[in-house]
Structures are given as structure tokens and as C-alpha cells.
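As a plain string of letters, each chain reads:
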Amino acid sequence: GYPTHFGQMECLKLIASSKFPEKRVGYLGLTQLLDENTEVLMLVTNSIKNDMANDNQYVNGLALCALGNIGSNEMCRALAREVENMMASPNPYIRKKAALCAMRIVRKVDEIEDKFNNKIGNLLEDRNHGVLLAGCSLLTALLEVNPSYIKEFRRYIPALVRALRNMVTSGYTNAAEYDIAGITDPFLQAKVLRLLRLFGEKNADASDEMNDLLAQVATNTEGTKNTGNSILYECVLTIMSIDAESGLRVLGINILGRFLLSRDNNIRYVALATLQRVVNVDQQVMQRHRNTIIDCLKDPDISIRKRALDVTYSLVDEANIKSMTKELLNYLLVAEADFKEELCSKICMAVEKFSPNRRWQIDTLIKVMCLGGNYVKEAQREKFCRVVAATPELHSYTVIKLYFNMKESLSQEALVHVGVWCLGEFGDHLVSGKAVGPDNQPIRVTPGDVLDLLYDVVRKPPTAERAAGTHCLVTAALIKLVTRCPSEFEKIRKLLRRFDCSLHVDLQQRSCEFLEILGADWDSHRPGILDRMPVPEKEIGGAETRDIGDASIDEVPRASRGPVGPVGGGGKDLLDLNDLLDGQAAPATGGTGGTAAYPATGGGGGDLLDLLDGGAPAAPSQAPAPAEGFMDIFGGAGGAEAPTMVAFEKNGLKVTFHPRKDADGSVTVLAKFSNSLNVPMTNFVFEAAVPKFVTLTMQPATGQILPPNTADLVTQSMSCVNSSNGEKALIMKLRIGYVCNGAPVQEMGQVGGFPAGY
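Not measured: the values here are computed from a predicted model. (Residues numbered from 1 in each chain as written. Predicted model: local features only at pLDDT ≥ 70, side-chain atom pairs only at ≥ 80, totals over all residues. Heavy atoms only, no water.)

From N to C terminus, the protein includes 32 helices and 12 strands. When each of the 758 residues of the protein is scored for burial, the buried share is 54%. At a minimum sequence separation of 6, the contacts of the protein that also span at least 24 residues come to 69%. Of the roughly 33000 Å² of accessible surface on the protein, 50% is carried by carbon and sulfur atoms. (Helix = DSSP H or I, 4+ residues; strand = E, 2+ residues; numbered from the N terminus. Buried < 20%, exposed > 50% of the residue type's maximum accessible area, 1.4 Å probe, protein only. Contact = heavy atoms within 4.5 Å. Areas by Shrake-Rupley, 256 points an atom, 1.4 Å probe, with all protein chains shown as cover.)

Attention shifts here to helix 24 (residues 413-431). The sharpest bend along helix 24 measures roughly 75 degrees and falls at Glu-425. Counting buried positions along helix 24 yields 16 of 19 residues, so the element is predominantly enclosed. Positive backbone phi, at 80 degrees, marks Gly-433, one or two positions downstream of helix 24. (Bend = angle between axes of the 7 residues up to and from the residue.)

As for its position among the elements, Thr-398 is in helix 23 (residues 395-408). Under the relative-accessibility criterion, Thr-398 is labelled buried at 1%.

Let's shift gears to the pattern of salt bridges. Counted under the stated rule, the structure contains 29 salt bridges. Between Arg-381 and Glu-378 there is a salt bridge, with the nearest N and O atoms lying 3.4 Å from each other. Highlighted residues: Arg-381 and Glu-378, both in helix 22 (residues 378-389), separated by three residues, approximately one helical turn. Judged by relative accessible area, which is 6%, Arg-381 ranks as buried. Where Asp-428 meets Arg-532, a salt bridge forms, and the shortest distance between an N and an O atom there is 2.7 Å. In this pair, Asp-428 is assigned in helix 24 and Arg-532 in the loop between helix 29 (526-529) and helix 30 (578-581), connecting sequence segments 104 residues apart. The class for Arg-532 is partly exposed, based on a relative accessible area of 30%. (Salt bridge = Lys/Arg side-chain N within 4 Å of Asp/Glu carboxyl O.)

A cluster of like negative charges, contributed by Glu-201, Asp-205, Asp-208, Glu-209, Asp-212, Asp-243 and Glu-245, occupies part of the molecular surface. Considering the arrangement of structural elements, one finds Asp-205 in helix 12 (residues 204-220). With a relative accessible area of 59%, Asp-205 lands in the exposed category. (Patch = residues over 30% accessible without salt bridge, like charges linked within 9 Å, V, L, I, M, F, W, Y side chains within 5 Å. Lys, Arg positive; Asp, Glu negative; His and termini not counted. Charge placed at Lys NZ, Arg CZ, Asp CG, Glu CD.)

Turning our attention to the side chain of Arg-484. Position of Arg-484 among the secondary structure elements: in helix 26 (residues 467-484). Summary of buried charges: Arg-484 has no salt-bridge partner, and the nearest side chain of opposite charge, Asp-428, is 4.4 Å away. Only 3.0 Å separates the side chain of Arg-484 from the backbone oxygen of Glu-425, close enough to count as a polar contact. Within the structure, Arg-484 has its side chain in polar contact with the backbone oxygen of Leu-530 (distance 2.9 Å). Apart from residues lying up to four places away in sequence, Arg-484 is in contact with Gly-424, Glu-425, Phe-426, Gly-427, Asp-428, Val-431, Leu-530, Asp-531 and Arg-532. (Polar contact = N/O pair within 3.5 Å; in protein donor to acceptor, adjacent residues only side chain to side chain.)

This paragraph deals with the environment of Glu-113. Mapped onto the fold, Glu-113 is located in the loop between helix 6 (92-108) and helix 7 (117-124). As for Glu-113 and Ala-102, which are separated by 11 residues in sequence, their C-alpha atoms are 9.1 Å apart. Excluding its chain neighbours within four sequence positions, the residues that come into contact with Glu-113 are Val-106, Leu-142, Val-145, Asn-146 and Tyr-149.

Among the structural elements, Lys-322 can be located in helix 19 (residues 321-334). For Lys-322 and Phe-354, which are 32 residues apart along the polypeptide, the C-alpha to C-alpha distance reads 9.4 Å.

Under the defined criterion, the tally for this structure stands at nine aromatic pairs. With a centroid separation of 5.0 Å and an interplanar angle of 75 degrees, the aromatic rings of Tyr-403 and Phe-404 are classed as edge-to-face. Under the relative-accessibility criterion, Phe-404 is labelled buried at 0%. Note on Phe-673 and Phe-686: the rings are 5.2 Å apart at their centroids and 50 degrees apart in plane angle, and the pair reads as tilted. Of the two residues, Phe-673 is situated in strand 7 (residues 667-675) and Phe-686 in strand 8 (residues 681-691); the sequence distance between them amounts to 13 residues. Side by side, Phe-673 and Phe-686 carry an identical accessibility label, which is buried. Three or more aromatic residues joined by ring pairs form one cluster here, namely Phe-657, Phe-673, Phe-684, Phe-686 and Phe-754. Stacked on the ring of Phe-339, the Lys or Arg Arg-305 has its end atom at 5.6 Å from the ring centre. Note that Lys-661 overlies the ring of Tyr-758, its terminal NZ or CZ placed 5.6 Å from the centroid. (Phe/Tyr/Trp six-rings, centres within 6.5 Å; stacked < 30°, edge-to-face > 60°. Lys NZ or Arg CZ within 6 Å of the ring centre and 35° of its normal.)

Let us look at the confidence of the model for the protein. Detail in the predicted coordinates should be disregarded across regions flagged by low pLDDT. Per-residue confidence for the protein gives a mean pLDDT of 82; residues scoring 70 or more make up 85%. Counting interchain partners and residues more than four positions distant, the pLDDT-below-50 stretch residues 561-638 has 236 contacts. (pLDDT = per-residue confidence, 0-100.)

So, on to the environment of Thr-682. Tracing the sequence through the fold places Thr-682 in strand 8. For the pair formed by Thr-682 and Cys-740, sequence separation is 58 residues and the distance between their alpha carbons is 6.7 Å. Each residue touching Thr-682, except ones within four places of it in the same chain, is listed here: Gln-704, Ile-705, Tyr-738 and Val-739.

Looking now at the packing of helix 14 (residues 246-260) against helix 15 (residues 265-278). When two helices pack together, their arrangement is given by the angle between the helix axes and by the axis-to-axis distance. For the pair helix 14 and helix 15, interaxial distance at closest approach is 8 Å and the crossing angle is 145 degrees. Between helix 14 and helix 15 lies a crossing whose hand is left-handed. Seen from helix 14, the contacting residues are Ile-253, Leu-256, Phe-259 and Leu-260; seen from helix 15, they are Ile-267, Arg-268, Ala-271, Leu-272, Thr-274, Leu-275 and Val-278. Residue classes in the contact of helix 14 with helix 15 are distributed as nine nonpolar, one polar and one charged. (Axes fitted to C-alpha atoms, helices over the stretch in contact; angles between N-to-C directions. Left-handed = near helix turned anticlockwise from the far one by under 90°. Nonpolar A, V, L, I, M, F, W, Y, C, P; charged D, E, K, R; others polar.)

Spelled out as C-alpha cells, the structure:
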């Protein structure tokens, strides 16, 4: 930023000197202090022209270097003929410099871009590596400026193939000076591969000429060091850009798969970025590396996680939407907060694009909102509401599912917002008593239960800073419920009056207007005003073209069946997504002692429930009494001890199970936790999930801290009732969390192999 005019003229004087040291310093100052827009630069044009005619090759090199770095349009046009003549010099040093200078002229002067075309052929057949490298750079620049020349220069493909094959196999004569980590001149190899990429693109004949060579480069190049990896990377890009054989493309994608296994973050990032560019070349081959790509989602490097998410999203299609969504939802559980918004957005877009039916689409979006509802964008929430509104067959199913999920937790904003909207629009389906569960028993929810839930939302909005927006939705739902739950008219009026003096203008205005509608003057008009919102004409996430799917409700909380009464916990029972997660497990979690209170309904499973499946009952803190007598019939070996099982062992943590068959047919499992490290494990939490046919009750753990080098000091008891009477094997999925050396750790596991009959 400092003025340099005082030194510019001095540089010109030094360049005009006949002494080489002064001339060299002058050119150095020229390239550092001036640029192509400097007016003084025109004064040096004659000096550069004289130096090009000098007998000293190094003076020639200085002049060519200066012109190639800072030459303006006028200078390039004036000196183009001299540069062209120097490209035919017998000295390879001058030919190389002249070719690089010509590259500058081609880019700066449009009308003389073809001036050097007749010289390029000789450069490409030159045996000097420097000249050949400069010739490849010049031709690449020319083809980028004017792609129409590609057809003319394809005749040099055999020469380039021959040069590259010599480097890959035996190397040039006396080529040891170009060897870098066992690779002969990797810079030249990379430049030739880039040039071949331009020639082979959208041309089958040119691609056939280089197929064998590319296969040879891909198989013979050693990838243990970055030098070889750079060649393999350029080779893969060339393979994917030309009309290569299918086997060659498979080889290229497999090379990128090997890159993903590297410990070097840069190599993994390059592999993911390349896979993103070629993901549509061969989807079937890409699927082979799907697990490796998904593992990159757990990488500590945020840039790798973002790239892996982009590639994972690109891999999703109609055939694998369920399994890929399962993987993404599993990752959503452990993802960092600043990454969840993008992850939720990708999942929602994939579901919107590829969901097999509307039932599955609605189920999956509810799952996303249960796991990361605070990160789901407004646009995705609106699309969900439009899909629901456009599917009358699933109105009852959706509002019931949302109601029980909201009963379980009001911490996820998106879930609460769409749930409140659906309660207002379709609350009549919820309180009608016409919906039946899997046992053909009606699902009973009273209007008072619905208003109690809305009152809970008012008292405890998911995000305090955006409470006014939530309250606006609640007021809209309340006024809609006037016609759907007429017995609660006065209670609705009372709730609306809470907001008629609100400091939030929009909320106050809504409340006052809605209270006015409750007046007797509007009795005849009220049903029409509060009718269901019409389905919007605009796009509804592709839902209108898909099958509806099964609209039956396959799991509901027991407290909601039979006679009308208060709805109990276990709302997660309704979140049945076995088709989504390919599992049948529902969790049970308990407190871990200390200050953690054990939940009365076992609903504390929270995220683990979302991960493994919400279709089965969450474990209650007390075993269900009705099962006891029934299980006595199939009693079996009461109090029988089974061998100790190692349920989990990793990173110094060991979990052992001590199962016992009780007299009433239930199974008691005592979990013991050991820490073999020299540091304690704090904030220890142990969670488990079981299949639907098992009822699991967990007691609080005896402590939250595993001291160093201790065994079986902390324990936790679980009780299981297998309703299949032993016909189906007991299996558990585990999630373990703790803090070690100040870093949070979360592990997953699965336990099987329980004795027959358990």
C-alpha cells in the first residue's frame, strides 16, 4: 500500500545496464513494484526487446520472465513476434521460458491467440521435461481460451500418451534427476493427464486412445505417498471426464475409496470432493463405499463432515432412501449443534424427493423434528403442513402421532409448531374416538386433554426467545378448536384472554380478534370462518404423486385406549418407524443416581428412543402388573442364573451382564460397569432399548462416576418381560455416554446371545 514511484525509475535504469547482476536486480524490482496497469511499464518495452536479442541465455530468461509475469496487452502484442522466434531456439532453457511467456500472450491478446499454434507441436514432442511441461501448459491455456482448437490438436494425443507411458514404466533416459519419492516427474505427469482430459471429453475415439494408458497409470502408481496420490487423483479426474470404459470408471471410484481410508485429512477431503463431482457416473459402484463415506460424517474435521454430508445426500435414491435416512438420523443424534441445521435440511430434502409413500414421508419428518426440531427450517415445516393438509386419509393418523409426541416432549420447536397447527386443523379427529389402535380398541383423548397440552405449550415454549411466535400459533389453534371441541368454549375463551394485553402487537391483535369472533354476533358465521384451511395450489413436496401408504395406527399408549381418562406418558409409543429404521427396538432409560431424577414413565429415553425406534412402549419405572399373572402360566425356571455376558468393552470401559430368570417368567439383568483407565469417567449414563415384544424396566444406576482402575463398583438393574414367551430371542441396543479427560464420549452397542427362553 506504500508508494513505490521513487524506485520505479531506478529499476528501469538497472534493467538498461549492461551488467548482469544489476539487470537481474532491476527485473526483480520491476516484477515486484509494477503491474500491467502501471504507465511507466511502457518505457521498459524496448529494454525487454533488446534483452530478448541478447547472446546471454540468462538475460533472455529475465526478459521473458518479466514479460510473462507483468506484460500488459500492448507489450504482449508488440513483443509476440520475438517470443514466437525464441520458441524455436535450439536452447531448451529459452524454449521453455518462451513457451511460458506465450501462455501470457495467449491469455492477454485475443486476436493473436493462434500465432503460436504451429510451434506447439514441436514442444509436445520435445524430450526435455521442462520444455514439454511448458508446452503442455501453453496448449492447456490455449484450449481453455478457445475450445474450438481441441479438434485440431487431438492429433498430438499419441505423442502425449507415449511420453506419459515412458514416465510411468521405464522413465526417460537419465530421468533420475526428475524422480520424486519414486515417481518420475509428477508435475509433468499431472499436466499431461489434465491435457488428455480436455482431449477425451465427449469424444469416444480420443478416449479409446488413452484408456489403456490410464489403466496403466492407475495400477502402476504407488499411492503410499502424496506424490503418487497426486498422480492418482489427476488420473481419476481424467477417467471420470472422458468416455472411459465402465471397468476403468470402477477402478477410478475404487481409488477414491482407498483415499477415504487414509489418515491424512487432506486426502480424505480431496476424495470426498471428487466423489461429489462424479457421484452420477456410476451410482452402483459408489454404493460400495457408502459405509466409508458415512463414517466420514463422524470425522472431527468440520470440512470433511460437510463434504461427506453432501456426498451422502447425493447417494440417496429411491432404492436406498430408507437405509440412508436411518444412517443420517443416527448421525443426527450425535452431531454437533452447528452442524444439525444443515443435516436436518439434507434429510428433509431427501425425504421430500424420494419417499416411497406419504405415510413414510410424514413419519420420517416427524422423526427428524423429534431429534432436531430446533434446527428444522421454517420452509421445511411449511412443506410438512402442506403435505399433511393434502392427505385427508392421514389426518387422523398424523394428529394422533403428533399429539402423543408432544405429550412426551415440548423441547423441539418444529415438532411443537407443526403439532399445534395440526391440533387446530384436525383436532376433531383426535377427540372423536373413532381412531383405533392395533388391538382394535378406540383411542380416547378428551378435549380437555388437548387444551391442557396447549396450555403446557404456552407455559413452556420450546425456545423462550421466540415464545411470541409459538403463542401466535397456539391462539390460532385455540380459535380453530372452538368448532372442533365446542364443550370447551369457555376454557378456550379464558386461554385467549391471557394474550389480549400482550406486549407483542401481533399476538395481542390476534387474541382480540379471536375473542371478538367468540361473540354471539358471529355464531352463524363462525363454522365457515374456522373451517379447515384449503390445500394450497403450490407445490406440496411431491406428495400429490405418491401413494398414501398404510393409514392404520399400529401402536398407541395403553392409557389412551378404552374408557375416557387422562392420557398417560409413553407418548413415544406412537412414534413407530420400523419401516424407517429397520429395527424393532424401543428404549428404556433411567436416572443414573445423584441428582438425576428417574422418570416416572420411562419417557426419559429421549434421543435413544428416536434412534432405535419409537414404536414400542417406553420402559416404565414399575413393571406392569397385568403381565405378572399371565407370565406365571409360562413360568419356567424361576430364579435360574445364566452365565455372565460381556455386553460392551472398549476404550477402558467394560460392561458385563448378569442375567437371571425369575419365577414369574421375567428376566432380571444386573449390569456392572468397570473402568480400567487411570482417569475417572464422569457423567456416566447407560441407556438400553429392546424390541416391541419386550417390556423393559430400568432402575437408576448406583452412581454417575466410574473411578479409575475399578471393577463392578457401579451397577444398574433391568427387568425384562418377553411377551413372545421365549419364541423370539431377547436383544438389546445400548447407548453409553460419559466424560473422560474433559471430552464427552458416546458409544453404541448391541447385545444378543441371551440364553434360550429369555
